[in-house]
Every structure is written in structure tokens, then in C-alpha cells.
Amino acid sequence: MTKDEKRKSTPIFDGVLAYFPDAIAEVAHCSRVANEQHNAGQPMHWNKSASADELGSLTRHLVDIARGEEIDDDGILHRAKVAWRALASLQRYLDGEYDYL
């Protein structure tokens, strides 16, 4: 399969964005708030060196949800942080950046 064929056979809009528009927007909001918190005054970017504990952080947010806490101290939904960390974990895996798991 060529790169173009693979790109055209991957339904990013129809298979993800159209299914979860509100969830994707919430994760984007989470990302913006985190960028302002950790990279104040800088353009949006993922400072990968700031934290590589995706699965640990994801789990801590799941525990908070299990305890009945829906919103973190910064006003962001724990579920949005779970989704962000899941995407970050997947991206690191696909980029071959994991030294564990």
C-alpha cells in the first residue's frame, strides 16, 4: 500500500472527528489549559520532556473518577485528561519512544 493509499484509507474525519466532536474539543481545551500552565506565553506545543508518565497519570485520573471526582483542581474534566494521556501514550508508542511496556 502506498503512502497516499494508506492516507486515503484512514478515516480520520469520518472515523474519529465525526464520532466524537465534543470529546475532541474537550481534549483540545485540556491541551490548551495545560500549555498555558506548563508553557506560559509560548505557542501551543507538546513539551514531551515535561512528563513521560502517560500511563501513571492516566491511571491517577481514573482513580479520581472512581472516587467520584469529575473535575480536577484546574477545572478540567478528569476524563479529558485521561483521553489526552491515552493519546499521548499511543503517540509515543507509535513514535517508538517508550523504554518500557
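Above this text you will find the structure in question.
Every chain begins its residue count from 1, and numbering advances along the sequence as written. Predicted model: local features are reported for residues with pLDDT of at least 70 only, side-chain atom pairs are reported and counted for 80 or more only, and whole-chain, interface and lining totals are derived from all residues. Values reported for side chains reflect all heavy atoms of the structure, with hydrogen atoms and water molecules removed beforehand.

What follows covers helix 5 (residues 78-94). Runs of E in the DSSP output that reach at least two residues are strands. Runs of H or I that reach at least four are helices, and both are numbered from the N terminus. Given the number of residues in a helix, its expected span is that number minus one, multiplied by 1.5 Å. Between its first and last C-alpha atoms helix 5 spans 24 Å; for 17 residues at 1.5 Å apiece the expected length is 24 Å, and the two agree. Accessible area is worked out with a 1.4 Å probe on protein chains only. A residue is then buried under 20% of its type maximum, exposed over 50%, and partly exposed in between. Those residues of helix 5 lying buried are His78, Ala80, Lys81, Val82, Arg85, Ala88, Ser89 and Arg92. Count one or two residues on from helix 5 and you reach Gly96, which has phi positive near 70°.

As a further point, take the packing of aromatic side chains. Between the rings of Phe, Tyr and Trp (Trp by its six-membered ring), a pair exists once the centres lie within 6.5 Å; its type follows the angle of the planes, with under 30 degrees stacked, over 60 edge-to-face, and the other angles tilted. Taken as a whole and judged by the stated rule, the model has two aromatic pairs. With a centroid separation of 5.8 Å and 90° between ring planes, the pair formed by Tyr19 and Phe20 is classed as edge-to-face. Arranged with centres 5.7 Å apart and planes meeting at 80°, the rings of Trp46 and Trp84 form a pair that is edge-to-face. With Trp46 in the loop between helix 3 (21-38) and helix 4 (54-66) and Trp84 in helix 5, this residue pair connects regions lying 38 residues apart in the sequence. A relative accessible area of 30% means that Trp46 is categorised as partly exposed. The rule is short: NZ of Lys or CZ of Arg within 6 Å of the ring centre and within 35 degrees of the ring normal puts a charge over the ring. Positioned over the ring face of Trp46 is Lys48, at 4.7 Å from the centre of the ring.

Taking 1.5 Å per residue as the helical rise, helix 4 with its 13 residues ought to reach 18 Å, and the 18 Å between its terminal C-alpha atoms agrees with that figure. Note on contacts: a residue pair qualifies if any of its non-hydrogen atoms lie within 4.5 Å across the two residues. At its buried positions, helix 4 is contacted by helix 5. Backbone geometry just downstream of helix 4 places Gly68 in the positive-phi region, at approximately 90°.

This part covers a nonpolar patch on the surface. On the surface, a nonpolar cluster with roughly 700 Å² of combined accessible area is contributed by Ile12, Phe13, Val16, Leu17, Tyr19, Phe20 and Ile24. Summarising the element assignment, Val16 is placed in helix 2 (residues 12-17). Take Val16: its relative accessible area is 36%, and that puts it in the partly exposed class. Residues enter a patch when their relative accessible area is above 30% and they make no salt bridge; the linking distance is 9 Å between like charges and 5 Å between nonpolar side chains (Val, Leu, Ile, Met, Phe, Trp, Tyr). Values of accessible area rely on a 1.4 Å probe in the Shrake-Rupley scheme; residue burial ignores everything except the protein chains shown. The term salt bridge refers to a side-chain nitrogen of Lys or Arg lying within 4 Å of a carboxyl oxygen of Asp or Glu.

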